[in-house]
Structure formats: structure tokens, C-alpha cells
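Summary of structural features
As a plain string of letters, each chain reads:
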Amino acid sequence: MTATDEPVLQAHFEDTIARMSRIEPRDWMPQAYRATMIRQIAQHAHSEIIGMQPEGNWITRAPSLRRKAILLAKVQDEAGHGMYLYGAAETLGADRADLTEKLIASRQKYSSIFNYPTLSYADVGVIGWLVDGAAICNQVPLCRSSYGPYARAMIRICKEESFHQRQGYELLLTMMAGTQEQRDMVQDATNRFWWPSLMMFGPPDDASPNTERSMAWGIKPHTNDELRQRFVDMTVPQAGRLGVTLPDQRLRWNEARGRYDFGPVDWDEFNAVVSGNGPCNAQRVARRKAAHDEGAWVREAALAHAAKSEGQHCERARLTTAPHHG
Ligand code: FAQ
């Protein structure tokens, strides 16, 4: 590419975005678009992988075989989501080992929500209901994101997240039909996860440095506050049907707006968690690092196997193409 090509390529890129068509890996894209996509996809992938820990904490203590099988499958799905997303980041030239190193060194972020502890089995249900619910609200619009591999990965991820959300809600309905102690556990888990779930949508629009440009590039179709409001409107009736109270005195229907009003989010808490000072940040990253270190022999074995298979493949190719004598 020469310097004179760049305006033409830039115009083609902008036209692709304006037509709501997709940018594909081999297409030219501005360096800042590539960097933004890698940032968002990597943070999303890290969130899925770190997000296995809070629920994974309960696999060995699930109350029945059925609940254990469901939880195992859900946590495995999250690993799968992380893999598709790292794959999508690789199509942009990112190196997966490098992304993992950045996560472990706390140089890349993951969602704030996974820095809160899971104190009872009701937390598994509330994570499905609220955390997967918020994830769906945020991610369904991303199926129309301008970067092809990310948008396509999001379609399957959203289908699985919807299923996760329903399993969480079903678990909570079962607990709410149980003993008073079980109902109290659900209420307590709701109280702890409600505000952190609202924080998942990111800082308020006037403090979100990336939103404007990401919207202009078709990466994000909605602002953080729009999606937060959508989530509140979707969730309040679900809380009513469940029979739990959302911990917000200011939550009420606003007839004029046709939406729920809600109280202020504690952005100091959000900033503290995002900058590494949440209740479980150190534990989550240490666990991820330990798992990565413990997996070193698997990566080495896989590489050795791949090299050996490649060697055998070359040898077979050499023998089949070699001239026959005799
Ligand atoms: N936590 O300018 P903005 C899941 C960062 S997956 C931590 O508004 P942007 C599945 C942000 O990255 C959950 N950091 O940024 C599951 C930026 O960082 P920078 C993850 C946050 O990108 C369920 C800075 O603050 N989902 O839950 C958070 O335009 C159950 C400024 O923010 C995704 O990643 C936060 N909550 O908008 C798994 C979805 N919010 O610039 C297991 C894709 C913001 O320093 C169990 N991502 N930051 O690098 C997105 O939609 C966007 O990236 C937003 C943030 C909306 C998260």
C-alpha cells in the first residue's frame, strides 16, 4: 500500500460502515479501529474466562446431580465463548498467548461483575438471571457489530446466554417455592448482585471515552446508559414475578417516560473494582495465573504432537512424490 492508496481505502472502509455491511479480517481498516476491536474482544474473552470462576466455585457443592450437570455445562459454555472470542481477536492479528499474559499482568480488563464473591447457591441462580440477563441485553445488539468475526461469534454466544439466563431464573423460581431460608438466600443474592449488574454496562455516557467513536464505527449500536435502562425495564417485571424486591428505594415506573426511574449507581465503587480493588480481583487473577501455569505441560505436549504430525505428514508427502526405482 502506498500513501496515495490510503484515502481510497479509508473511503471504502467508511462506505462499508455506512452501508451497515461488515468489515472482514483481510479488509483494510484504520489502525485505531483494529486496536479498539482487539481491546473490546479481548476484554470480552477475558470476562468469559474469569467469569467461570464465581460459579465454578459451586460445582463441587451443587445440591443435586441435576444441578451439578447444569452448572458444569454452563461453565463449559463460558470457556467456549472465551475460545471463539480469542479466535476473533486473532483474526485481527492479536496473539492469544500475549492476550493471556496481559490479563494475568492486569494490563487488560475484564468485566467488573466477576470481582464479587459467590456466597450461596442462590448466587448461581442470580448470576444466570441478572448477569446473563445484562450480558444478553448488551450483546444482542453486538450481533450487528461492524466487525464480521465478532458479530458472528456473538450470535451463538447470545443463544447460549439466553439459555443460561433461563436456567438461572428457573433455579430461582424453584428456590422461591421452597423454604423461607431459601427465599431469604435468593433475596440476599439479589441485593448483592443488583447494583454490580447495572455497572456491567460501563460508565455513564458522559464518562465513557470510547462510546462516541465506537458508535460511529458501528462497533456499538447503543450507548451504555441506553442499555442499562433497557435492562432495568426488562428486569423489574421479572423480579415481581419471582417475588423478590430490588434494592433500590428510587425504583418506580415513570408514566411520562414510559420507563422505570432508578437510583444512582455508585460509580466510586465501579472505579475501585475496575482499577483492581474489588473484593475478589486479586484472587481471580491469581487463580487464572495458577491455571495457566498448571496448563503449561498441556500446551507443550500439544505443540510437540503438532510438530510430530507435521513431520509425519511431510515424510508421507515425500515418499508418495519420490520417483520409484526398481
Ligand atoms: N468492567 O468507554 P467505555 C458475560 C471499561 S460477558 C470492567 O464505556 P466501551 C458473560 C472499558 O472497557 C461480560 N471494565 O468502554 C458471562 C474501558 O476500558 P479501556 C463482558 C469496564 O468499550 C455471564 C473503560 O472502562 N461483556 O457477562 C466495564 O465503549 C455469566 C471505559 O468504558 C462484554 O465485554 C466493566 N463493567 O464500553 C460469563 C461485552 N465497563 O478503555 C460468565 C462487550 C467499561 O480502559 C457468567 N463489551 N469498562 O480499555 C462492550 O459492550 C463494551 O466494551 C462495554 C464498555 C459496554 C463493556
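It should be emphasised that the depicted structure is a prediction, and the values quoted were computed from it without experimental measurement.

1. Some words on the nonpolar core
In terms of nonpolar packing, the biggest core is built from 75 residues, with Tyr-33, Ile-41, Trp-129 and Tyr-147 touching the most fellow members. In contact with Tyr-147, other than residues within four places in its own chain, are Arg-22, Ile-23, Glu-24, Pro-25, Met-29, Tyr-33, Met-37, Ile-41, Ala-88, Thr-91 and Leu-92.

2. Concerning unusual backbone geometry
Leaving glycine out, the prevailing phi sign among residues is negative, and the prevailing peptide bond configuration is trans. Phi is positive for Met-20, close to 55 degrees, though the residue is something other than glycine. Tracing the backbone through its elements, the reader meets Met-20 in the loop between helix H1 (5-18) and helix H2 (31-50). Accessibility expressed as a relative area gives 65% for Met-20, which makes it exposed. Even without a glycine there, the phi angle at Ser-106 is positive, about 60 degrees. Within the fold, Ser-106 resides in the loop between helix H5 (96-104) and helix H6 (122-139).

3. Points about the pattern of salt bridges
For the structure shown, the criterion picks out 16 salt bridges. Across the pair Glu-170 and Arg-67 runs a salt bridge whose closest N-O atoms are separated by 3.0 Å. Taken together, the residues span a long stretch of sequence, with Glu-170 in helix H7 (residues 148-176) and Arg-67 in helix H4 (residues 65-90) at a distance of 103 residues. Owing to a relative accessible area of 9%, Arg-67 belongs among the buried residues under this scheme. Taking the shortest distance from any N to any O, the salt bridge between Asp-293 and Lys-289 comes out at 2.8 Å. With a gap of 4 residues between them, Asp-293 and Lys-289 both fall in helix H12 (residues 281-294), about one helical turn apart. When its relative accessible area of 40% is taken as the criterion, Lys-289 is described as partly exposed.

4. Quick look at the site of the ligand
Looking at the ligand, there are 35 residues lining it, with Gln-43, Lys-109, Ser-208, Lys-220 and Asn-224 nearest. Here Asn-138 contributes a side-chain N or O atom positioned 3.1 Å from an oxygen atom of the ligand. Within the side chain of Ser-208, one N or O atom sits 2.7 Å away from an oxygen atom of the ligand. Coverage of the ligand by the protein chains reaches 91% of its 1,100 Å² of free accessible surface. Where the shell around the ligand is concerned, the elements lending two or more residues are H2, H4, H6, H7 and helix H11 (267-277). When residues in the shell around the ligand are grouped by element, the largest group, 6 residues, is from H2. Tallied by class, residues from the shell around the ligand come to 13 nonpolar, 13 polar and 9 charged.

5. Regarding the side chain of Lys-74
Along the chain, Lys-74 turns up in helix H4. At 2.7 Å, the side chain of Lys-74 and the side chain of Glu-55 are in polar contact. Leaving out residues up to four positions away in the same chain, Lys-74 has contacts with Glu-55, Ile-127, Asp-132, His-164 and Gln-167.

Rules behind the numbers
Residues numbered from 1 in each chain as written. Predicted model: local features only at pLDDT ≥ 70, side-chain atom pairs only at ≥ 80, totals over all residues. Heavy atoms only, no water. Core = buried A, V, L, I, M, F, W, Y, C linked by side-chain atoms within 4.5 Å. Buried < 20%, exposed > 50% of the residue type's maximum accessible area, 1.4 Å probe, protein only. Contact = heavy atoms within 4.5 Å. Helix = DSSP H or I, 4+ residues; strand = E, 2+ residues; numbered from the N terminus. Salt bridge = Lys/Arg side-chain N within 4 Å of Asp/Glu carboxyl O. Near = heavy atom within 4 Å. Polar contact = N/O pair within 3.5 Å; in protein donor to acceptor, adjacent residues only side chain to side chain. Areas by Shrake-Rupley, 256 points an atom, 1.4 Å probe, with all protein chains shown as cover. Nonpolar A, V, L, I, M, F, W, Y, C, P; charged D, E, K, R; others polar.

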